[in-house]
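# Summary of the model geometry
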Amino acid sequence: MPDRTPRRMHLAAFSSAGPVSGIHGGWRHPAADRNILSANHYARIARTLEEGCFDLMFLADILAVPDRLNGSMDSQLRHGALGALRLDPMLVLASVVGATRRLGLAATVSTTYYPPFHVARAFATLDHLSAGRAAWNIVTSFQQAEARNFGLEEHLSREERYDRADEFVEVCCKLWDSWSDDALVLDPAAPLFADPAKVRRIDHEGRYFKVRGPLNVPRPPQGRPVFVQAGASDRGRDFAARWAEVVFITPPSIEAATAARADLRARAEKFGRDPDSLKVLPGVCPVVAETRSIAMERRAMLAELSEAEAGLSTLAYHLDVDLSQFPQDEVLPEMDVSGVQGHYREVAEMTRRSGMPLRQLGKQYGSGRHEKGFTGTAADIVDTMEIWHDAGACDGFMFQVPYVPGGVEDIVRLIVPELQRRGRFRTAYEAETLRGHLGLARPPA
Ligand SMILES: Cc1cc2nc3c(=O)[nH]c(=O)nc-3n(C[C@H](O)[C@H](O)[C@H](O)COP(=O)(O)O)c2cc1C
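Here's what I pulled together on the structure shown here. Note that the structure is predicted; figures quoted are calculated from it, not measured.

## Brief notes about the nonpolar core
Ranked by internal contacts, the top residues of the largest apolar core, which has 81 residues, are Phe54, Trp136, Trp176, Met385 and Phe397. Per element, the largest residue contribution to this core is nine residues, and it comes from helix α6 (residues 158-176). In this structure Trp176 touches Ala120, Phe123, Ala124, Trp136, Leu215, Arg219, Pro220, Gly223, Arg224, Pro225 and Phe227, once residues within four positions along its chain are discounted. Counting residues in each nonpolar core, the second largest holds 17 residues, with Leu69, Leu319, Val321 and Met350 among its members.

## Remarks on the sheet that holds strand β3 (residues 104-110)
Ordered in space as β1-β2-β3-β4-β9-β10-β11-β14, the eight strands form a closed barrel in which the pairing is parallel. Each neighbouring strand pair of the sheet contributes to a mean axis angle of 25 degrees, computed without reference to strand direction. As defined by bridge partners, β3 adjoins strand β4 (residues 134-139) across six bridges and the pair is classed as parallel. Paired with Val109 across the two strands is Ile138, which belongs to β4. Helix-sheet contacts for helix α1 (residues 39-51) involve β1 (10-16) and β2 (56-60), and the interaxial angle to β2 is about 145 degrees. The sheet contacts of helix α3 (residues 89-97) involve β2 and β3, and relative to β3 the element is tilted by about 165 degrees.

## Concerning the pairing of β4
Most of β4 sits out of view: five of its six residues are buried. Crossover connection from β3 via helix α4 (residues 116-129) to parallel β4: handedness right-handed. Note that β4 and strand β9 (residues 226-229) share three bridges and pair parallel. Bridging across to β9, Asn137 finds its partner in Val228.

Scoring rules and cut-offs
Residues numbered from 1 in each chain as written. Predicted model: local features only at pLDDT ≥ 70, side-chain atom pairs only at ≥ 80, totals over all residues. Heavy atoms only, no water. Core = buried A, V, L, I, M, F, W, Y, C linked by side-chain atoms within 4.5 Å. Buried < 20%, exposed > 50% of the residue type's maximum accessible area, 1.4 Å probe, protein only. Helix = DSSP H or I, 4+ residues; strand = E, 2+ residues; numbered from the N terminus. Contact = heavy atoms within 4.5 Å. Pairing = 2+ DSSP bridges. Axes fitted to C-alpha atoms, helices over the stretch in contact; angles between N-to-C directions. Right-handed = clockwise from strand over helix to strand, strands pointing away.

This is the structure:
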């Protein structure tokens, strides 16, 4: 008998420790919680996600206030656009640990602007404090504005950033493995605190880093944090195929998602990995309600709250191109961008399909990623999710919430039960660690 049990999905919630989640005007929503500097704000989101049995809560990050539109930070700051304000995601997630018991906690940390010892230590700490729930979104950073905050006039080329990132992750893995799993003994009678024979220096000397080790934190409960990645260039995909266990993509269509996932899985095999150890999650911003018409009204209202300039300013920073130099009533010209390839492909495809001029593109970009089928009742949205999942376009979804906390609460109250009813999502956590939720093996030391 063929196994007719539906494949289950994985769910991640994309957020940022700042004003924006999925929709640029979301912070202006009458029911939005604007206490974005309070630990309670993030604890509340996390608890709601845990009630919905989400695999993980993800916090994006950048290391500068973007100034790519007209060389000015004004539009980002005035509109509270993506990046206007970002608390440190590691600290925010550390503050969420005590409010949750099972939810995975993913922080974005750059391999270009931090040293590996510091990053390995911080993630080992988060993984211990949370008893095995940490994940690292490995980014190489892509903005000139970030380079200028770290003493550089120009940021490194994409090749150089990824070469450095490869070595960076290798060093972190060596550091996490520098303590054997049983090195910490804590025997007061012997007395033996830690077994010196089981803690080793790493003596790493490479092209970019020289690190003696060992780490001063024992091997993390998960062996190492779950690796998340979102690079979409050729080099970025190879990096993901080598290291990542969760990949975020921003495909302009189901066809693009299917092709991206197949490509990532094939590349993972070339690196000697089981392709199923790589979970591909496309980003979507769902707006769900009890009826279709209420959902449409909500989507329209959220779009109304998002200023075109805010979306354009974020797009300029994502592409790392000053979009104010182009006529606003014409379409985005084809170009080679140094910024995020995934976002460029998404808007280039949208422009090609719709002929949308730049001004309108800004509005659209700021109004959240909403492919057809992600506005409506829970049944409508879950129908679409099933189509994507069954087509091999994804292993689940990364939901960019339209506003907080209402957008998260609606997803958990309406979409999650519908997925559960159809056997597509867990009804309770079955594992204790994030690796367990994702069905990933613990790497041996
Ligand atoms: C959905 C998504 C989320 C991302 N989040 C971040 C982020 O929070 N911080 C960051 O510096 N880069 C972020 N990036 C950028 C990528 O991780 C990557 O560093 C960048 O795309 C450059 O690589 P690429 O040229 O291979 O795309 C994100 C990209 C995507 C598609």
